[in-house]
Amino acid sequence: MSCIIIFQKLLCAGIFMTKKYSLRFFIGLSICWVGIIFANSVLPADVSKNLSNIPARLLTNILNSFTIDIHLVNMNALVRKIAHAFEFSVEAILLSILFTSFSKFKDFFIYVLFLGLFTASIDEYIQLFSKGRGSEVSDILIDFAGTILGICIFLIFKGIFNLIKKFKVRTF
């Protein structure tokens with residue numbers, strides 16, 4: 001099954017019995033995802049750094065093999081920022097699906113942007129109490145950019161879904 005078909009099924013809740021169960025599923029999934037974000041925030045700095053060192057080492061080795069000189073420390077910082085944006089992109093996609101299920105399509109993004117910023121602020125606040133970590137406004141901005149990216153990804157897939165739906169209606 002292609003990603004578009006899976007996303008289409010999730011959007012129209014075709015794999016669930018009713019819209020009520022679909023809403024419950026996405027509420028639960030969204031809450032779990034925010035839990036994952038917060039769980040990453042409570043990790044001590046050394047544990048968090050070691051986790052991000054795994055992909056950073058791999059990327060550093062790949063780039064160095066192409067004679068692109070980059071140090072592991074710089075790649076680790078980049079991987080950490082990308083991970084921040086990724087976490088919040090996923091949250092935004094889940095919330096977009098959730099809010100478009102029961103609100104006007106034109107105003108869902110306001111709720112998603114607010115919750116993304118709210119989650120990012122709490123995430124940085126939690127990091128104040130994690131060993132060796134701190135809070136940075138730049139991380140909130142990166143998280144918020146991830147939220148905007150997630151909304152854009154959702155809108156692209158929603159547009160593709162609508163085109164497929166329109167095309168199927170015209171051809172049959």
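Only a predicted model underlies this, so the values are computations on that prediction, with no experimental measurement involved. (Residues numbered from 1 in each chain as written. Predicted model: local features only at pLDDT ≥ 70, side-chain atom pairs only at ≥ 80, totals over all residues. Heavy atoms only, no water.)

A. Layout of the nonpolar core. Core analysis: the biggest nonpolar cluster contains 17 residues, and Phe 26, Leu 95, Ile 97, Phe 99, Phe 108, Val 112 and Ile 151 have the highest contact counts within it. Among the elements that line this core, the one with the most residues is helix 4 (residues 72-102), at 8 residues. (Core = buried A, V, L, I, M, F, W, Y, C linked by side-chain atoms within 4.5 Å. Buried < 20%, exposed > 50% of the residue type's maximum accessible area, 1.4 Å probe, protein only. Helix = DSSP H or I, 4+ residues; strand = E, 2+ residues; numbered from the N terminus.)

B. Fine view of helix 3 (residues 45-65). Taking 1.5 Å per residue, 21 residues should reach 30 Å; helix 3 reaches 29 Å between its end C-alpha atoms and fits that length. The axis of helix 3 is deflected most strongly, by about 35 degrees, at Asn 53, and proline Pro 55 appears within four residues downstream. Looking only at helix 3, the buried set comprises Ser 48, Ser 52, Asn 53, Ala 56 and Thr 60. (Expected span 1.5 Å × (residues − 1). Bend = angle between axes of the 7 residues up to and from the residue.)

C. Representation of the side chain of Asn 53 in the model. Structurally, Asn 53 can be placed in helix 3. Setting aside residues up to four positions removed in sequence, Asn 53 forms contacts with Leu 72 and Asn 76. (Contact = heavy atoms within 4.5 Å.)

D. Inspection of the layout of surface pockets at higher detail. Here the largest pocket is characterised by a volume of approximately 630 Å³. Ser 48, Ser 52, Arg 80, His 84 and Arg 133 are the residues nearest the centre of the largest pocket, which is lined by 29 residues in total. With 11 residues, helix 4 is the largest single contributor of residues to the lining of the largest pocket. Grouping the constituent residues of the lining of the largest pocket by class yields 12 nonpolar, 9 polar and 8 charged. (1 Å grid on protein atoms, 1.4 Å probe; cavity = no way out; pocket = protein on both sides within 12 Å on 5 of 7 lines; lining within 4 Å. Points joined across faces, edges and corners; volume = space filled by probe spheres on them. Nonpolar A, V, L, I, M, F, W, Y, C, P; charged D, E, K, R; others polar.)

E. Representation of the pattern of salt bridges. Overall, the coordinates contain 1 salt bridge when judged by the stated rule. In this structure, the salt-bridge partner of Asp 139 is Lys 81, at a minimum N-O distance of 2.6 Å. With a gap of 58 residues between them, Asp 139 in helix 6 (residues 137-171) and Lys 81 in helix 4 connect regions that are remote in the sequence. In this structure Asp 139 comes out as buried when scored by relative accessible area, which is 5%. You can call Lys 81 partly exposed: its relative accessible area is 28%. (Salt bridge = Lys/Arg side-chain N within 4 Å of Asp/Glu carboxyl O.)

F. Layout of the packing of aromatic side chains. Evaluation of the coordinates by the stated rule reveals 7 aromatic pairs. Ring geometry for Trp 33 against Phe 86: centres 6.4 Å apart, planes inclined by 80 degrees, an arrangement best described as edge-to-face. Of this pair, Trp 33 sits in helix 2 (residues 19-41) while Phe 86 is found in helix 4, placing the two residues 53 residues apart along the sequence. Consider the rings of Tyr 125 and Phe 129, whose centres lie 5.1 Å apart with planes at 75 degrees: the pair is edge-to-face. Residues Tyr 125 and Phe 129 agree in their burial class; the two are exposed. Joined through ring pairs, the aromatic side chains of Phe 108, Phe 109 and Phe 154 make up one cluster. (Phe/Tyr/Trp six-rings, centres within 6.5 Å; stacked < 30°, edge-to-face > 60°.)

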